Amino acid sequence: MASRQYGGRAVNGREPIPVAGLWRALGLTVASAVVWGIAHIWAGRRAVGFTLMGLLAVLVFGTVTAALAFQEKLKQMVVQDTWLNVIIAGILILAVAWAVIVIRSFQVVRPPGLPTAMRITSGTLVVIMALMVCTPLVYAANATYVLRDTLSSIFAGDGNTAVNASDPWKNKPRINVLLLGGDGGADRTGIRTDSMTVASIDTKTGNTVLLSLPRSLQKFPVPPKMQKLWPYGYTGDAPNPQHPGGEGLLNELYIQGERHPELEPGYKKGQRGPHLVEDAIGYLTGLKIDYYVLVNLNGFKDIVNAIGGVTVHVEKRLPIGGEIVNGVQTKQPTGYLPAGTHHLNGTQALWYGRSRDADDDFHRMDRQKCLMKDIADQADPQKVVTHFQKLAKAAKSTISTNIPVALLPALVKLSGTVKKGADIQSMPYNPGKIPGFHVYEPSLRVMRAAAAKAIANSTKPATATPASSPSASTSAKTRHTGAGASPSHKSSSGGATSLKNACG
């Protein structure tokens, strides 16, 4: 009996097994997975083949054109629930269509007369190939779904703010957002907002003023609705409201809001605290606070890790951990951040922003704003995409806000205006920078006047600054290369200074 032979030769007088044709069919299928229609054209189905090529060309050209020409518009679309659903459906339809094209391409060029084993094996390979083509698209659809779910979860609003989605800034020259850093943890009762900054943003120019309030503000004036509990200014749980001692700091007000639902009727647990802080700070600054964003600082490190860390310039050695009470070291640091330019992971960045034992609250306030600037400047879109699932999970467990999802397109557009050269002024409420301001029993008149002056100055046209000396310029470049600078404590009149000058 003659031995079985392959390569198109007859076997025992039968028709040849088309091995070469099978390899050619698989090759054409791979090519068609990259450029639709190649297999159909080779098989003589030119109309279908060229139609598929044209569809692919339109898809690729259209996507590239949209990404380049309508980049800002796309950024606004991808924070809208309706468009995200459309994108998810479109990606899944494309995945199914691509898989069908791969499978059909093999069918039109598969040689006849294949033995059963070869048909099963080649069919399995083509199905695997189709799945490989679909996998990135399914991942993209899943990431889009996660984005939609994350946005819906974080930006659910509180049901008390209506948004004119078509023109949210109508009759609204400024939007004031309270940024809170909540230092909650297992060793603490409730949340203490150790970081409190009002971002007052011009809705046309994007010019922004950051008003930072010290956590240790004490016996400060409170809104009328709070005066029944604290008639002499906020004194917390002090037994003697007129002489509170060490009681009643601003960073404890969140807890009071949660304890006293009558102060914020209509809000549920978890919303009363930030709204009470919002009301108190709005009263102190004379501003109508529109929204708040609360970041749990213990989860902040996960967000920094998810974007690959952040490079900062550490002005001097800062302790990690530890505690100093009344000038006495009651708890030793577990480590230090050395002076110099360093790439920090999440835990290190957290301590860069929260450490105050090496200086004071006011230096920490400056560092926190510079850290926010460094993160915004250095966020790498590629790392954000590749770590998106981790970032979304961290954001959902770390960020809470009353900003409704309907406002996101307008905020995305406004943030683009801010990043395109808008001036960002920083004004910390610091007794050393604002004449007449005191941390204990602060003057309402002084605080409101300082906020009004900083905002008024931010609306004036920028004036040219004197050119620095070559040596100073060279020194600055050497010092700040590759990282945001450490906080500068020089300020303009009224305590406000450009964040570019303060942080480099």
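So, how was this worked out
Residues numbered from 1 in each chain as written. Predicted model: local features only at pLDDT ≥ 70, side-chain atom pairs only at ≥ 80, totals over all residues. Heavy atoms only, no water. Axes fitted to C-alpha atoms, helices over the stretch in contact; angles between N-to-C directions. Helix = DSSP H or I, 4+ residues; strand = E, 2+ residues; numbered from the N terminus. Parallel < 35°, antiparallel > 145°, perpendicular 65-115°, else oblique. Left-handed = near helix turned anticlockwise from the far one by under 90°. Contact = heavy atoms within 4.5 Å. Nonpolar A, V, L, I, M, F, W, Y, C, P; charged D, E, K, R; others polar. Phe/Tyr/Trp six-rings, centres within 6.5 Å; stacked < 30°, edge-to-face > 60°. Buried < 20%, exposed > 50% of the residue type's maximum accessible area, 1.4 Å probe, protein only. Lys NZ or Arg CZ within 6 Å of the ring centre and 35° of its normal. UniProt positions renumbered as here; feature names shortened; annotations may be inferred. Pairing = 2+ DSSP bridges. Expected span 1.5 Å × (residues − 1). Salt bridge = Lys/Arg side-chain N within 4 Å of Asp/Glu carboxyl O. Patch = residues over 30% accessible without salt bridge, like charges linked within 9 Å, V, L, I, M, F, W, Y side chains within 5 Å. Areas by Shrake-Rupley, 256 points an atom, 1.4 Å probe, with all protein chains shown as cover. Lys, Arg positive; Asp, Glu negative; His and termini not counted. Polar contact = N/O pair within 3.5 Å; in protein donor to acceptor, adjacent residues only side chain to side chain. Core = buried A, V, L, I, M, F, W, Y, C linked by side-chain atoms within 4.5 Å.

Contact geometry of helix H9 (residues 297-306) with helix H10 (residues 346-354) gives a least axis separation of 7 Å together with a crossing angle of 130°. When the interaxial angle is binned, H9 and H10 end up oblique. Classified by chirality, the crossing of H10 by H9 is right-handed. Counting all contacts with H9, which are made through Leu297, Asn298, Phe300, Lys301, Val304 and Asn305, the residues of H10 involved are Gly346, Thr347, Ala349, Leu350 and Arg354. Considered class by class, the residues forming the contact of H9 with H10 number five nonpolar, four polar and two charged.

Moving on, we come to the packing of aromatic side chains. The geometry of an aromatic ring pair is captured by two quantities: the separation of the ring centres and the angle between the planes. Counting across every chain of the model gives four aromatic pairs. With centroids separated by 5.1 Å and ring planes inclined at 85°, the aromatic side chains of tryptophan 36 and tryptophan 98 adopt a geometry described as edge-to-face. A residue pair is termed long-range when its members are at least 10 positions apart, and tryptophan 36 in the loop between helix H1 (19-34) and helix H2 (38-42) and tryptophan 98 in helix H5 (residues 81-109) qualify at 62 residues. Of the residues examined, tryptophan 36 reaches a relative accessible area of 5% and is grouped as buried. The lysine or arginine in question, arginine 317, covers the ring of tyrosine 336, its NZ or CZ lying 3.7 Å from the ring centre. The side chain of arginine 448 reaches across the aromatic face of tyrosine 283, ending 4.9 Å from its centre.

As a further point, take the UniProt feature "transmembrane region" (unreviewed entry) in the protein chain. The positions that UniProt labels "transmembrane region" (unreviewed entry) are, in the present scheme, residues 21-42, 48-70, 82-103 and 123-147. Taken end to end, residues 48-70 comprises 96% helix and 0% strand; its first and last C-alpha atoms sit 32 Å apart.

Right, let's get into the sheet that holds strand E9 (residues 399-401). Here seven strands make up an open sheet; going across it, the order is E9-E4-E1-E2-E3-E10-E11 and the pairing mixed. Pairing within the sheet leaves two strands with one partner each, and these edge strands are E9 and strand E11 (497-498). Pairing of strand E4 (residues 291-296) with E9, which is carried by three bridges, proceeds in the antiparallel orientation. Counterpart to leucine 294 in the pairing with E9 is serine 400. Across the sheet, helix H15 (residues 444-458) touches strand E1 (174-182), strand E2 (193-202), strand E3 (208-213) and strand E10 (424-428), and the angle it forms with E3 is around 160°.

What follows is about H1. Over its 16 residues, H1 extends 23 Å from the first C-alpha to the last, a length consistent with the 22 Å expected when each residue adds 1.5 Å. The set of residues buried in H1 consists of Val19, Gly21, Leu22, Ala25, Leu26, Leu28, Thr29, Ser32 and Ala33. On its buried face, H1 is in contact with H2, H5 and helix H6 (116-154).

Right, let's talk about the pattern of salt bridges for a bit. Pairing between side chains of opposite charge can happen when the charged atoms of each approach one another. Inspection of every chain in the model, using the stated rule, returns 10 salt bridges. Note that lysine 75 and glutamate 72 form a salt bridge whose closest N and O atoms lie 3.5 Å from each other. Linking lysine 75 with glutamate 72, this pair stays in helix H4 (residues 71-77), spanning three residues, or about one helical turn. With relative accessibility at 30%, the residue glutamate 72 sits in the partly exposed group.

With that out of the way, let us pick up H5. With 29 residues, H5 ought to run about 42 Å at 1.5 Å a step, and its terminal C-alpha atoms sit 43 Å apart, in line with that. Along H5, the residues that are buried comprise Leu84, Ile88, Ile91, Ala95, Trp98, Ala99, Ile101, Val102, Ser105, Phe106, Val108 and Val109.

A contiguous nonpolar patch, built from Leu59, Val60, Val64 and Leu68 and spanning about 360 Å² of accessible area, is present on the exposed surface. With respect to the helices, strands and loops of the structure, leucine 68 is situated in helix H3 (residues 46-69).

What follows deals with the side chain of glutamine 271. Within the secondary structure, glutamine 271 is located in the loop between helix H7 (253-259) and helix H8 (272-285). Owing to a relative accessible area of 12%, glutamine 271 belongs among the buried residues under this scheme. What glutamine 271 contacts, discounting residues up to four positions off in sequence, is Gly157, Asp158, Glu258 and Tyr292.

Right, let's get into the side chain of aspartate 158. Mapped onto the secondary structure, aspartate 158 falls in the loop between H6 and E1. Here aspartate 158 is buried and forms no salt bridge, its nearest opposite-charge partner lysine 288 lying at an N-O distance of 9.8 Å. A polar contact of 2.8 Å, which involves the side chain of aspartate 158, links it to the side chain of histidine 275. At 3.4 Å, the side chain of aspartate 158 and the side chain of asparagine 402 are in polar contact. Setting aside anything within four residues of it in sequence, one finds aspartate 158 in contact with Tyr267, Gln271, His275 and Asn402.

One way to put it is that H5 packs onto H6 with a least axis distance of 9 Å and a crossing angle of 180°. Relative to H6, the element H5 is oriented roughly antiparallel. A per-class count over the contact of H5 with H6 returns 23 nonpolar, four polar and two charged.

Further remarks concern the pairing of E10. Counting buried positions over the five residues of E10 gives four, a clear majority of the element. Summarising the sheet, E10 and E11 pair through two bridges and their orientation is antiparallel. Paired with serine 426 across the bridge in E11 is threonine 497.

What follows deals with the nonpolar core. One finds Ile175, Phe300, Tyr352, Leu371 and Leu407 to be the most contacted residues of the largest nonpolar core, which totals 46 residues. Core analysis: the next-biggest nonpolar cluster, separate from the first, contains 40 residues, Leu253, Leu287, Val439 and Ala454 among them.

Moving on: the pairing of E3. Most of E3 is tucked away, with six of its six residues classed as buried. Strand direction decides the pairing type here: E2 and E3, joined by six bridges, are antiparallel. Along E3, the bridge assignment pairs valine 198 with leucine 211. Counting the residues that bridge the hairpin from E2 to E3 gives five residues, and of these glycine 206 lies at a positive phi of roughly 85°. The pairing of E3 with E10 spans five bridges and is parallel. Bridged to leucine 210 within E10 is serine 426.

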